[in-house]
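Summary of the model geometry
Each chain, written out:
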Amino acid sequence: MRTAQGSATVALITASGILSGMANQADLAFNPVYIGLAIGCGSKLVPWMNDAGFWIFCKLSDLTEKEALKTISPLLVVMGLTGLVVILIGAKLFPLI
């Protein structure tokens, strides 16, 4: 969603709207906060040039578009995947906190 549309905020709101009904109706074995955290980490993945944050990073850092893609894309992928792993571990160790 973020890659196609470009906005992490819109991706967060859309995913939250889709999953909120399922989280309310399901008997979850973990706290619903973990779903929100996973949505936040998922909004980091696959940044592209249609994202406003990409251009802010690119212009404030005085990088070319190619340099910014080589820098910000791997960084955000690592941030999103690391966050997901931490959330999965937290949901296993502390499910109902």
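Heads up: the structure comes first, above all this text.
Now for a quick tour of the structure. (Residues numbered from 1 in each chain as written. Predicted model: local features only at pLDDT ≥ 70, side-chain atom pairs only at ≥ 80, totals over all residues. Heavy atoms only, no water.)

Looking at helix H3 (residues 33-42)
Buried residues of H3: Tyr34, Ile39 and Cys41, and no others. Axial view of H3: buried residues confined to an arc of 165°, hence all on one face. The inward-facing, buried residues of H3 contact helix H2 (8-25) and helix H5 (65-93). (Buried < 20%, exposed > 50% of the residue type's maximum accessible area, 1.4 Å probe, protein only. Helix = DSSP H or I, 4+ residues; strand = E, 2+ residues; numbered from the N terminus. Arc of directions from axis to C-beta. Contact = heavy atoms within 4.5 Å.)

Details of the packing of H3 against H5
Contact geometry for H3 and H5: axes closest at 8 Å, N-to-C directions at 165°. By the angle class used here, H3 and H5 are roughly antiparallel. The crossing of H3 and H5 is left-handed. Contacts between H3 and H5 pair Tyr34, Leu37, Ala38 and Cys41 from the former with Gly80, Gly83, Leu84, Ile87, Gly90 and Ala91 from the latter. Taken together, the residues of the contact of H3 with H5 break down into seven nonpolar, three polar and no charged. (Axes fitted to C-alpha atoms, helices over the stretch in contact; angles between N-to-C directions. Parallel < 35°, antiparallel > 145°, perpendicular 65-115°, else oblique. Left-handed = near helix turned anticlockwise from the far one by under 90°. Nonpolar A, V, L, I, M, F, W, Y, C, P; charged D, E, K, R; others polar.)

Overview of the packing of helix H4 (residues 52-60) against H5
Any two packed helices are characterised by the angle at which their axes cross and by the distance between the axes. Orientation of H4 relative to H5, taken along the N-to-C sense of each, is 115°, at an axis distance of 10 Å. Every pair of crossing elements has a handedness; the one defined by H4 and H5 is right-handed. Each of Phe54, Trp55, Phe57, Cys58 and Lys59 in H4 lies in contact with H5, whose residues at this interface are Glu65, Ala68, Leu69, Thr71 and Ile72. Counted by class, the contact of H4 with H5 contains seven nonpolar, one polar and two charged residues.

Read these as geometric descriptors, not functional statements.
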